[in-house]
Protein chains: 4
Amino acid sequence: MDVNKNYILKIDCSDEKGLIYRIADVVFKYQLNIIKNDEYVDRENGKFFMRAELNGEADLNAFKGTLQAMLPARSNIHVVEARKKDIILMGTKEIHCLGDILLKHDSGDLNANILAIVSNYEDLKGLSDKFNVPFHCVSHEGLNRVEHEAKVLEVLAGYSVDYIVLAKYMRILSSEFVGHYEEKMINIHHSFLPAFIGANPYKQAYERGVKIIGATAHFVNNHLDEGPIIAQDVIHVNHEMSWRDMQKAGRNVEKVVLSNALDLVFEERIFVHDNKTIIF
Amino acid sequence: MDVNKNYILKIDCSDEKGLIYRIADVVFKYQLNIIKNDEYVDRENGKFFMRAELNGEADLNAFKGTLQAMLPARSNIHVVEARKKDIILMGTKEIHCLGDILLKHDSGDLNANILAIVSNYEDLKGLSDKFNVPFHCVSHEGLNRVEHEAKVLEVLAGYSVDYIVLAKYMRILSSEFVGHYEEKMINIHHSFLPAFIGANPYKQAYERGVKIIGATAHFVNNHLDEGPIIAQDVIHVNHEMSWRDMQKAGRNVEKVVLSNALDLVFEERIFVHDNKTIIF
Amino acid sequence: MDVNKNYILKIDCSDEKGLIYRIADVVFKYQLNIIKNDEYVDRENGKFFMRAELNGEADLNAFKGTLQAMLPARSNIHVVEARKKDIILMGTKEIHCLGDILLKHDSGDLNANILAIVSNYEDLKGLSDKFNVPFHCVSHEGLNRVEHEAKVLEVLAGYSVDYIVLAKYMRILSSEFVGHYEEKMINIHHSFLPAFIGANPYKQAYERGVKIIGATAHFVNNHLDEGPIIAQDVIHVNHEMSWRDMQKAGRNVEKVVLSNALDLVFEERIFVHDNKTIIF
Amino acid sequence: MDVNKNYILKIDCSDEKGLIYRIADVVFKYQLNIIKNDEYVDRENGKFFMRAELNGEADLNAFKGTLQAMLPARSNIHVVEARKKDIILMGTKEIHCLGDILLKHDSGDLNANILAIVSNYEDLKGLSDKFNVPFHCVSHEGLNRVEHEAKVLEVLAGYSVDYIVLAKYMRILSSEFVGHYEEKMINIHHSFLPAFIGANPYKQAYERGVKIIGATAHFVNNHLDEGPIIAQDVIHVNHEMSWRDMQKAGRNVEKVVLSNALDLVFEERIFVHDNKTIIF
């Protein structure tokens with residue numbers, strides 16, 4: 001292991017000549033070493049994106065300030081120490097995605113600490129207990145959406161989280177709720193979006209007679225199932241499968257797609273721009 | 001090669017006890033040998049589907065009559081000699097799907113005879129000539145849809161075809177036109193339907209920021225892009241790709257999906273039921 | 001749910017004219033209904049394979065006897081009531097495959113009862129305890145292979161099992177051991193066999209510079225990594241990945257391939273013939 | 001289109017602190033704009049790789065000289081104008097890969113000019129003629145390998161080529177021959193290497209009973225089927241398929257994998273290091 005700290009630097013700004021030179025210059029002056037570096041220029045929109053993994057020891061505030069001075073106005077500069085993220089998992093009744101994340105957590109394959117599980121049902125308490133993760137049931141029974149979300153927010157407020165993972169949380173969230181966690185909430189949707197938006201995509205897929213089904217992990221925004229897509233994958237299906245068969249087969253895709261998306265998110269590999277993701 | 005003829009038998013009817021026994025009994029009595037046999041029962045709708053490859057020498061009319069007598073009323077019995085199908089290809093300007101089919105035809109990998117190519121532009125004449133296939137340009141310029149389709153139908157009427165393959169034919173067809181070729185017309189759509197119905201799916205895919213794109217081969221029915229799906233496949237894409245990059249990459253998927261679908265169609269492996277396909 | 005029992009019938013025998021007719025005749029006479037039926041004729045070797053799902057109520061011994069009388073000598077006839085299988089899981093230290101199976105068991109998605117977990121290390125005790133499955137550690141320390149396997153066999157003898165699942169059990173088994181469980185033991189190998197037979201396939205894959213890695217589930221026979229293959233799948237990798245990155249990414253493939261293979265095995269969908277599998 | 005020229009810059013050298021800064025500094029001083037930039041550090045071997053697409057107008061020799069002075073000794077610096085490559089295709093009898101490349105060439109999707117087709121049989125003359133590409137048949141009949149290769153080299157010497165594409169050329173090439181075209185010759189192998197090295201991989205795959213088959217595009221080196229891998233892909237197969245069925249299905253994979261590999265090669269996206277490829 002390196003004795004020096006590791007940092008992740010993310011910059012997005014309007015594109016100009018010499019940006020890489022200017023940034024590399026600052027990095028060099030702060031005696032930081034570039035371990036890994038990716039850039040992308042969106043030429044259509046004149047936007048520059050860069051992510052670097054740095055090695056060394058620096059005053060991050062000073063480093064950021066120097067960068068800011070060298071870059072175009074309104075540049076976004078994000079520089080942090082590489083560390084495990086703190087997350088909360090939200091679910092409803094299904095255990096395949098949640099259980100997969102808990103197992104990865106247990107075996108050290110998850111780049112995050114799971115602070116708690118929040119659900120609108122008691123069903124997941126058993127799973128939470130198995131893995132010694134605090135469980136909060138916030139039932140929606142007898143509450144309208146505003147009241148229920150207020151209660152959920154109250155629970156979440158008790159934790160300092162980097163990300164909230166909707167691991168088959170089957171309630172629609174209001175814009176207000178989502179607004180608290182912009183680009184901080186990841187959902188797994190059980191279809192290859194934009195196909196089969198809305199309720200029971202497996203039944204829709206069965207009824208349409210498609211030959212592939214899939215899953216989509218995305219950041220949650222105000223518009224249901226329309227947030228920036230992080231990862232997608234599919235499997236082949238056939239006429240012998242009922243929609244329940246598709247649902248069962250689809251669970252393997254859902255959990256793998258969510259797992260891959262979380263790896264990308266927790267390693268800070270993603271930029272969101274214009275409802276799309278740039279992924280390094 | 002077998003000295004005896006080979007037949008393909010397809011039956012679909014309402015499900016009853018003893019169907020396989022009754023059918024196998026008739027097959028046995030006609031001294032036919034079952035080389036390959038597939039059945040599927042759609043239990044939800046009480047429908048029985050069977051496809052068999054038979055070996056032997058029989059009076060097909062008598063055989064069909066005997067089967068009819070043993071099966072439920074309104075059974076569909078289809079029995080034919082296995083042979084190459086006669087097809088017409090329709091295209092507009094793009095050559096990747098057409099060219100792929102022509103190459104397979106040349107190398108003996110296509111289970112069909114290509115009788116002609118029909119297009120609304122002259123662009124494909126060069127390709128048709130290379131492969132010595134008759135080419136008919138039926139321009140739509142200055143014609144309304146009814147007039148144009150009448151002219152196309154006139155050309156098609158000059159041929160006795162089993163199937164018409166829309167290999168990137170970029171004109172919408174009217175219900176009247178489609179009605180002439182029910183379950184006889186196969187189209188390749190450049191998206192994983194039902195995502196991105198309509199014009200320029202690659203541009204739609206680019207704008208939505210999906211991480212997979214795909215293609216769908218389907219029978220053409222009255223409803224644009226909503227016919228029974230035969231085959232689908234996808235590839236992964238990323239943020240670096242413009243919609244033109246996606247289009248270019250997608251061509252490989254389009255031609256392979258269409259090619260796979262045509263194999264299934266030409267070998268009579270498909271039943272269409274309730275806007276879905278059962279494929280053996 | 002059906003009030004009648006469900007049976008699975010599997011037949012393999014030398015191919016003859018009229019087999020389906022004769023079998024369907026017997027099935028019909030015993031008043032059994034064929035829910036699903038698949039046949040395959042290996043024409044090169046003159047072998048007939050059939051699997052049927054039957055619905056009804058019959059004396060299985062009498063049914064089997066009648067079939068035997070109608071079929072060629074040395075036919076294999078296997079007819080059983082459809083039921084959950086009894087299995088034992090064997091592992092070493094890794095939890096991804098074991099945990100995945102345990103989660104599926106918990107959520108009712110596994111068509112089997114897990115009787116116990118057997119390992120040569122203590123590491124998996126925690127996982128076994130979480131899911132309330134009996135755990136047996138049979139350490140190999142200070143024992144030669146014969147002695148160690150004798151101890152494992154002793155533990156296994158305490159259970160009546162249908163199948164043993166090697167869920168990343170990292171010890172090579174002797175022919176003698178394997179001989180006790182012919183076609184009853186399923187292994188997951190961490191490469192797309194026959195590539196990278198032997199130790200540390202991910203390191204081999206890394207060193208060869210392949211662009212895909214995969215996993216293979218197979219029945220275990222006397223020859224290491226050479227048993228009949230049940231299921232395989234792959235993922236794409238790139239030059240940025242160390243062999244440990246490949247190993248981590250590969251775990252998702254391993255567990256899904258093993259899971260899919262177990263579904264096929266537990267539903268009795270597989271015939272083994274000539275070191276290959278026929279799968280319906 | 002840009003009025004300025006476009007260049008591709010490729011650098012590989014031993015890794016040092018400040019490399020990106022130094023390179024970006026030179027690029028900036030020459031008034032070149034970085035359109036796209038990728039770096040990779042192989043930390044295990046202390047190697048730095050960088051590829052950049054540059055926009056501007058510069059004296060390439062001077063530019064290269066300045067870079068050389070700033071970089072570690074024994075750095076490889078490759079800087080060229082972006083342009084279509086000149087290639088020769090070699091084949092034997094099969095047309096699927098060759099035909100696919102010719103079609104792409106015709107539709108403007110190939111980033112190369114096809115100068116000629118060379119084959120050891122006359123079979124491909126018809127295809128070459130269709131597409132107006134010069135065809136050279138160099139029969140191996142009655143010649144030993146040295147003699148035959150001398151004749152092929154004679155033909156090749158008549159052309160100035162960037163790359164030679166072995167599009168199902170079914171003769172083994174000697175080290176001497178290969179030595180003339182190091183990292184300049186791309187082959188398509190009909191298996192997912194390193195599985196099924198040697199003759200008739202589809203037959204080997206059939207006999208092993210694998211559930212996936214694939215194809216591998218690689219640079220040719222002295223060791224048969226062991227050159228640096230550029231691209232691989234697979235499809236699923238099943239017990240119903242004979243090895244000829246697998247061969248037919250495999251052709252779609254072969255041509256797509258080769259096509260994808262050629263795109264990468266022609267855009268100069270590949271570094272070869274230590275028998276592996278780094279691909280940007």
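Since the structure is predicted, the reported quantities are computational estimates derived from the model, not experimental observations. (Residues numbered from 1 in each chain as written. Chains lettered and ligands numbered in written order. Predicted model: local features only at pLDDT ≥ 70, side-chain atom pairs only at ≥ 80, totals over all residues. Heavy atoms only, no water.)

Glancing now at unusual backbone geometry. Here the bond from L193 of chain A into P194 of chain A is cis, since omega is 10°, no more than 30 degrees from zero. Following the sequence through the fold, P194 of chain A ends up in the loop between β9 (185-189) and α7 (201-208). A positive phi is found at N200 of chain A, a non-glycine position, where the angle reads about 45°. Considering the arrangement of structural elements, one finds N200 of chain A in the loop between β9 and α7. In this model, D274 of chain B sits at a positive phi of 65°, which is unusual for a non-glycine residue. Within the secondary structure layout, D274 of chain B lies in the loop between β12 (270-273) and β13 (276-279). The exposure class assigned to D274 of chain B is exposed, which follows from its relative accessible area of 56%. (Helix = DSSP H or I, 4+ residues; strand = E, 2+ residues; numbered from the N terminus. Buried < 20%, exposed > 50% of the residue type's maximum accessible area, 1.4 Å probe, protein only.)

Copies of the same chain, two in number, are related to each other by a rotation about an axis and a translation along it. When chain C is fitted to chain D, the best match, at an RMSD of 0.0 Å, comes from turning it 180° and sliding it 0.0 Å along the axis. Look at the turn and shift together and you get a two-fold axis relating the two. Using C-alpha coordinates, one finds that chain C approaches the rotation axis most closely at A195 of chain C, a distance of 2.3 Å. When the interface residues of chain C are mapped onto chain D, 100% of them again fall at the interface, so both copies present the same face. (Least-squares fit on C-alpha atoms with pLDDT ≥ 70 in both. Contact = heavy atoms within 4.5 Å.)

Next up on the list: the relation of the copies chain B and chain C. When chain B is fitted to chain C, the best match, at an RMSD of 0.0 Å, comes from turning it 180° and sliding it 0.0 Å along the axis. When the interface residues of chain B are mapped onto chain C, 100% of them again lie at the interface, so the same face is used by both copies.

Residue and element names in this part refer to chain A. Note on placement: S119 falls in strand β6 (residues 112-119). Of note is the side chain of S119, whose polar atom sits 3.0 Å from the backbone oxygen of G91. Excluding anything up to four places from it in sequence, S119 contacts G91, T92, L124, F135, H136, C137 and V138. (Polar contact = N/O pair within 3.5 Å; in protein donor to acceptor, adjacent residues only side chain to side chain.)

Listed by partner, the interface residues are 32 residues for chain C and 32 residues for chain D. Where chain C abuts chain D, roughly 2700 Å² becomes buried across the two surfaces, and 55% of that area is made up of carbon and sulfur atoms. Taken together, the connections running from chain C to chain D amount to 0 salt bridges. Taken together, the connections running from chain C to chain D amount to 20 residue pairs in polar contact (both at pLDDT 80 or more). The set of elements that each furnish at least two residues to the side of chain C that touches chain D consists of α7 (201-208), β11 (229-236) and β13 (276-279) of chain C. Among the elements that make up the side of chain C that touches chain D, the one with the highest residue count is β11 of chain C (7 residues). (Buried area = accessible area lost by both parts, 1.4 Å probe. Salt bridge = Lys/Arg side-chain N within 4 Å of Asp/Glu carboxyl O.)

We now examine the UniProt feature "active site" (unreviewed entry) in chain A. As recorded in UniProt, the sites labelled "active site" (unreviewed entry) are D225 of chain A. Setting aside residues no more than four positions away along its own chain, D225 of chain A makes contact with H189, L193, I197, G198 and H218 of chain A together with R208 of chain B. Within polar-contact distance, the side chain of D225 of chain A engages the side chain of H189 of chain A at 3.3 Å. (UniProt positions renumbered as here; feature names shortened; annotations may be inferred.)

A separate point is the packing of aromatic side chains. Think of a pair of aromatic rings as described by two things: how far the centres are apart, and how the planes are tilted against each other in angle. What the rule picks out here adds up to 38 aromatic pairs over all chains. On the numbers, 5.3 Å between centres and 65° between planes, the contact of Y30 of chain D with F63 of chain D is edge-to-face. One end of the pair, Y30 of chain D, is in the loop between α1 (19-29) and β2 (33-42); the other, F63 of chain D, is in helix α2 (residues 60-70), with 33 residues separating them in the sequence. The partly exposed category is assigned to Y30 of chain D, whose relative accessible area is 22%. A ring pair is formed by F177 of chain D and Y181 of chain D, whose centres lie 6.1 Å apart and whose planes are at 45°; its orientation type is tilted. Each member of the pair, F177 of chain D together with Y181 of chain D, is buried. Ring pairs connect the aromatic residues Y21 and F28 of chain A together with Y21 and F28 of chain D, which therefore count as one cluster. (Phe/Tyr/Trp six-rings, centres within 6.5 Å; stacked < 30°, edge-to-face > 60°.)

With that settled, consider helix α8 (residues 243-266) of chain B. Residue and element names in this part refer to chain B. With 24 residues, α8 should cover 34 Å at 1.5 Å per step; its first-to-last C-alpha distance of 33 Å lies within 8% of that length. Approximately 30° is the largest bend angle found in α8, and it occurs at G250. Taken from the residues just after α8, E268 is the one with a positive phi, measuring 55°. (Expected span 1.5 Å × (residues − 1). Bend = angle between axes of the 7 residues up to and from the residue.)

Moving on to the pairing of strand β2 (residues 33-42) of chain C. All names here are of chain C. Counting buried positions over the 10 residues of β2 gives 10, a clear majority of the element. In this structure, β2 lies alongside strand β3 (residues 47-56), joined through 9 bridges in antiparallel fashion. Its bridge partner lying in β3, N37 is registered against A52. (Pairing = 2+ DSSP bridges.)

This paragraph deals with the environment of V133 of chain B. All names here are of chain B. Along the chain, V133 turns up in the loop between α4 (125-130) and β7 (135-137). Classification of V133 by relative accessible area gives buried; the value is 8%. When the C-alpha atoms of V133 and I114 are compared, they prove to be 7.3 Å apart, with 19 residues separating the residues in sequence. Those residues within four positions of V133 in sequence are excluded, and the remaining contacts are L102, I114, L115, A116, I117 and S128.

Turning next to the packing of helix α3 (residues 96-106) of chain B against α8 of chain B. Residues and elements named next belong to chain B. The geometry of α3 relative to α8 is characterised by a closest axis approach of 9 Å and an angle of 45° between their N-to-C directions. The pairing of α3 with α8 is recorded here as oblique in orientation. Both α3 and α8 take part in a crossing whose hand is right-handed. On the side of α3, the interface is formed by H96, C97, D100, I101 and K104, while α8 contributes R251, E254, K255, L258, S259 and L262. Here the residues of the contact of α3 with α8 are counted per class, giving 4 nonpolar, 2 polar and 5 charged. (Axes fitted to C-alpha atoms, helices over the stretch in contact; angles between N-to-C directions. Parallel < 35°, antiparallel > 145°, perpendicular 65-115°, else oblique. Left-handed = near helix turned anticlockwise from the far one by under 90°. Nonpolar A, V, L, I, M, F, W, Y, C, P; charged D, E, K, R; others polar.)

Before going further, it helps to examine the UniProt feature "domain: Formyl transferase N-terminal" (unreviewed entry) in chain A. When the UniProt feature table is mapped to this numbering, "domain: Formyl transferase N-terminal" (unreviewed entry) covers residues 87-262 of chain A. Helix makes up 36% of residues 87-262 of chain A and strand 23%, whereas the separation of the span's terminal C-alpha atoms amounts to 11 Å.

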